[in-house]
Amino acid sequence: MLDDPALTEFVVRELAHGQDRNQVIAQLCERTGHRWPEVEAFVRSIEFTEAPLITRRQTPTLLLILVPTLIAGLGVTAWASYVLILDARMYDQQFGGALPLGLFALAAQHWQTVWVILTSMAMIAGSGVGLGQIIASYNSR
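Here the structure is a predicted model, which is why all the values come from computation and not from measurement. (Residues numbered from 1 in each chain as written. Predicted model: local features only at pLDDT ≥ 70, side-chain atom pairs only at ≥ 80, totals over all residues. Heavy atoms only, no water.)

Q: For this particular structure, what's the right way to read the overall build of the chain?
A: Regarding its fold elements, the chain presents six helices and zero strands. In the chain, the succession of helices and strands from N to C terminus is α-α-α-α-α-α. For the chain, the C-alpha radius of gyration of 25 Å lies well beyond 14 Å, the compact-globule estimate for 141 residues. Structurally, the chain occupies a C-alpha span of about 80 × 30 × 20 Å along its principal axes. The burial tally for the chain puts 29% of its 141 residues in the buried class. Restricting to contacts in the chain with at least 6 residues of sequence separation, those with at least 24 account for 63%. Accessible surface computed for the chain: about 9,000 Å², of which carbon and sulfur atoms make up 66%. Each charge class in the chain can be summarised by its mean position, and for the 9 positive and 12 negative side chains these summaries are 3 Å apart. (Helix = DSSP H or I, 4+ residues; strand = E, 2+ residues; numbered from the N terminus. Rg over C-alpha atoms; globule rule 2.2 N^0.38 Å. Buried < 20%, exposed > 50% of the residue type's maximum accessible area, 1.4 Å probe, protein only. Contact = heavy atoms within 4.5 Å. Areas by Shrake-Rupley, 256 points an atom, 1.4 Å probe, with all protein chains shown as cover. Lys, Arg positive; Asp, Glu negative; His and termini not counted. Charge placed at Lys NZ, Arg CZ, Asp CG, Glu CD.)

Quick look at the structure:
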C-alpha cells in the first residue's frame, strides 16, 4: 500500500512546499491507516531517495534566500575589510615602524569589525553550500 506512486508524489510535494515531516506522516497515517513507525520509515526513505527532486522543487524559494544572502555577505565583507585596511594604514603612519603596537591598537578598536567579517564570511559559505546543493540536485538523475 505504501508503494503507491501517488503517495510518493504526495510526500515529495508536501516536503518541497516546506510542510513539517510529522504533519506529512500524520496525514499519511490518516489516509492509509498504517501505523506511525511504518509511515515514518516510508517518509524517511522518500526523503533520502528523492532528495534531489525535493531540492529542485524548492529551487525558486531557495534562490530568493540564497542569492541576496550571498550578495549581502560579499558586500559586508568588502566594506568591513575596507574599513580595516584604511585604519591599518592610519595606524601604520601613526605608529611608524612599531608594527606590534599598531596591530594591538587595530585589534582593540575593531574587534566588532572582525566579528562582522567572520559573520559575513559565514553568510557567503552558507549560501555557497546551498547553491552547491541546488546545482548537485540538477546534476543527479
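Q: What is the right way to look at the pattern of salt bridges in this model?
A: Oppositely charged side chains are able to pair whenever their charged atoms sit close together. Under the definition given, this model contains four salt bridges. Across the pair Arg13 and Glu14 runs a salt bridge whose closest N-O atoms are separated by 3.8 Å. Relative accessible area serves as the criterion here: at 16%, Glu14 is assigned to the buried category. (Salt bridge = Lys/Arg side-chain N within 4 Å of Asp/Glu carboxyl O.)

Q: Which parts of the structure should I look at to understand the packing of helix α1 (residues 5-16) against helix α2 (residues 21-32)?
A: Between two packed helices, both the angle of their axes relative to each other and the distance between the axes serve to describe the pair. Two elements in contact, α1 and α2, have axes whose closest approach is 10 Å; the angle formed by their N-to-C orientations is 155 degrees. What the angle tells us is that α1 and α2 run roughly antiparallel. Between α1 and α2 the crossing geometry is right-handed. Facing α1, whose interface residues are Leu7, Phe10, Val11, Glu14 and Leu15, α2 presents Arg21, Val24, Gln27, Leu28, Arg31 and Thr32. Broken down by class, the residue content of the contact of α1 with α2 amounts to six nonpolar, two polar and three charged. (Axes fitted to C-alpha atoms, helices over the stretch in contact; angles between N-to-C directions. Parallel < 35°, antiparallel > 145°, perpendicular 65-115°, else oblique. Left-handed = near helix turned anticlockwise from the far one by under 90°. Nonpolar A, V, L, I, M, F, W, Y, C, P; charged D, E, K, R; others polar.)

Q: How do you make sense of the packing of α2 against helix α3 (residues 36-49) when you look at a structure like this?
A: Following both chains from N to C, one finds α2 and α3 inclined at 125 degrees, their axes separated by 9 Å at the closest point. Taken together, the axes of α2 and α3 are oblique relative to one another. Relative to α3, α2 is oriented so that their crossing is right-handed. Touching Arg21, Asn22, Val24, Ile25, Ala26, Leu28, Cys29 and Thr32 of α2 are Trp36, Val39, Glu40, Phe42, Val43, Arg44 and Glu47, all from α3. Residue classes in the contact of α2 with α3 are distributed as nine nonpolar, two polar and four charged.

Q: Quick question: what am I supposed to make of the environment of Arg56 here?
A: By secondary structure assignment, the location of Arg56 is in helix α4 (residues 51-95). Taking C-alpha positions, Arg56 is 9.6 Å from Ala136, a pair spaced 80 residues apart along the chain. In this view, Arg56 contacts Ser137, Tyr138 and Ser140; residues no more than four positions away in its chain are not counted.

Q: Could you clarify how one ought to interpret α1 in this entry?
A: Residues spaced three or four apart along an α-helix face the same direction, because each turn holds 3.6 residues. Compared with the 16 Å implied by 1.5 Å per residue over 12 residues, the 16 Å span of α1 between its first and last C-alpha is a close match. Turning to α1, its buried residues number three or more, namely Leu7, Thr8, Phe10, Val11, Val12, Glu14, Leu15 and Ala16. Directly beyond the C-terminal end of α1, a positive phi value near 85 degrees is found at Gly18. (Expected span 1.5 Å × (residues − 1).)

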